[in-house]
Amino acid sequence: MEQSQPAVRGQGLLEWYEALISAALALVLVFSFFFRIIQVDGESMVPTLENGDKLVVWGAGYEPQRGDVVIVDSYTSYGRPLVKRVIAKGGDTVSIDYATGTVEVNGKVLEEDYIAEPTYLGYDVEFPYTVPEGTVFVMGDNRNASLDSRSSYVGCIAEQDILGKVLLCFLPFSDFGVVK
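Note that the structure is predicted; figures quoted are calculated from it, not measured.

A word on the UniProt feature "active site" (unreviewed entry) in the protein
Next, step 1: Feature annotation in UniProt assigns "active site" (unreviewed entry) to the following positions: Ser44 and Lys84. A maximum C-alpha distance of 7.9 Å among these annotated residues, which run over 41 residues, shows that they cluster at one spot.
Next, step 2: By the secondary structure assignment, Ser44 is in the loop between β1 (35-39) and β2 (54-58).
Next, step 3: Not counting chain neighbours up to four residues away, the residues in contact with Ser44 comprise Val83, Lys84, Gly140, Asp141, Asn142, Ala145 and Ser146.
Next, step 4: A polar atom in the side chain of Ser44 sits 3.0 Å from the side chain of Lys84.
Next, step 5: The residue Lys84 is located in strand β4 (residues 82-89) in this model.
Next, step 6: Relative accessible area serves as the criterion here: at 4%, Lys84 is assigned to the buried category.

If you want it as C-alpha cells, here you go:
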C-alpha cells in the first residue's frame, strides 16, 4: 500500500496565483500587439462616435483603407490619439467644394452617409490636393467641427503613425456596436 504525500499548505493558492499572473500576462501581450483601448476626446467624429466613447482598436498588420475610422498616434500637439476617418491614400487627389459641401476623391463624389452635415468648413490646404505617397488624408465625420487634413496644422498622416482601425465601441453601452 502506497502512502499519499501530505498536502503542502498553500500550494493550491500558489497555483491559483500563477494562473492569474499567466492570464494577466497573456492579456497584456494581446492588448499590446493586437488590440488597444482608446477613448474618444472631442466632438469631431459625431454622429459616428461621441466624446468619451471607449473603443477597441485593431493594430496588428493593419494597412489603412479609404473609409476606415482610425486612431492616429499621439505625436501631434494634442498629446492624445486622434480619431479620424481615412478619406484618401497616397497618390489620390482630393477636391472639396465648400459651396456644395461635397468631397471628391479621384474625381468621384463620396457618398458619405456617416457625416453630421455637408463639408462647409475649410482651412488652409488648397484643392485639388494630391496626397503624398505613404500618407493618408483624414477628416472627422463632424466636418464643420473637425480639425483634420484640411489644415496644414494636422496635414496628411504618415501611415506608420496610424495605431489601427477602430473595430468596436463598447462604452457607454448605449453606443455599443461595430464602428462603420
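Resuming the write-up.
Section: the environment of Cys156
Next, step 1: Mapped onto the fold, Cys156 is located in the loop between β9 (135-139) and β10 (157-158).
Next, step 2: In this structure, the C-alpha to C-alpha distance between Cys156 and Pro132, residues 24 residues apart in sequence, is 7.8 Å.
Next, step 3: If sequence neighbours within four positions are ignored, Cys156 has contacts with Tyr129, Val131, Pro132, Thr135, Val136, Phe137 and Ser149.

Considering the side chain of Thr119
Next, step 1: As for its placement among the helices and strands, Thr119 is situated in the loop between β7 (108-109) and β8 (129-130).
Next, step 2: Within the local environment of Thr119, its side chain forms a polar contact with the side chain of Arg143, the two groups lying 3.1 Å apart.
Next, step 3: Sequence-distant contacts of Thr119, defined by excluding residues within four places in its chain, comprise Ile96, Asp97, Tyr98, Gly101, Val103, Met139, Arg143, Asn144 and Arg150.

Details of unusual backbone geometry
Among all residues save glycine, negative phi is the norm, and among peptide bonds the norm is trans.
Next, step 1: Here the bond from Val46 into Pro47 is cis, since omega is 10°, no more than 30 degrees from zero.
Next, step 2: With respect to the secondary-structure elements, Pro47 resides in the loop between β1 and β2.

Things to note about the sheet that holds β8
Next, step 1: One open sheet accounts for 4 strands, arranged β7-β6-β5-β8; its pairing is antiparallel. Two strands lie at the open edges of the sheet, namely β7 and β8, each paired on one side alone.
Next, step 2: Here 4 bridges tie strand β5 (residues 93-97) to strand β6 (residues 102-105), and the two strands are oriented antiparallel to one another. The partner of Ser95 across the bridge, within β6, is Glu104.

The rules behind each value
- In this convention, every chain numbers its residues from 1, walking through the sequence in written order.
- Local features in this predicted model are restricted to residues of pLDDT 70 or higher, and side-chain atom pairs are both shown and tallied only at a pLDDT of 80 or more, whereas totals for entire chains, interfaces and linings draw on every residue.
- Neither water nor hydrogens contribute to the side-chain values; these are computed over all heavy atoms in the structure.
- UniProt positions are given in the numbering used here, feature names are shortened, and annotations may be inferred rather than shown by experiment.
- Put simply, DSSP marks the helices as runs of H or I at least four residues long and the strands as runs of E at least two long, and each gets a number from the N terminus on.
- Residue contacts are defined here by distance: any two heavy atoms, one from each residue, within 4.5 Å place the two residues in contact.
- Whenever a nitrogen or oxygen atom comes within 3.5 Å of another N or O atom, the pair is scored as a polar contact, on the condition that within protein one atom can donate a hydrogen and the other can accept it, and that pairs from neighbouring residues in sequence are kept only if both atoms are in side chains.
- Buried residues are those whose accessible area, probed at 1.4 Å on protein chains only, stays under 20% of the maximum for their type, while exposed residues exceed 50% and partly exposed ones sit between those limits.
- A pair of strands is treated as paired once DSSP finds two or more bridges between them.

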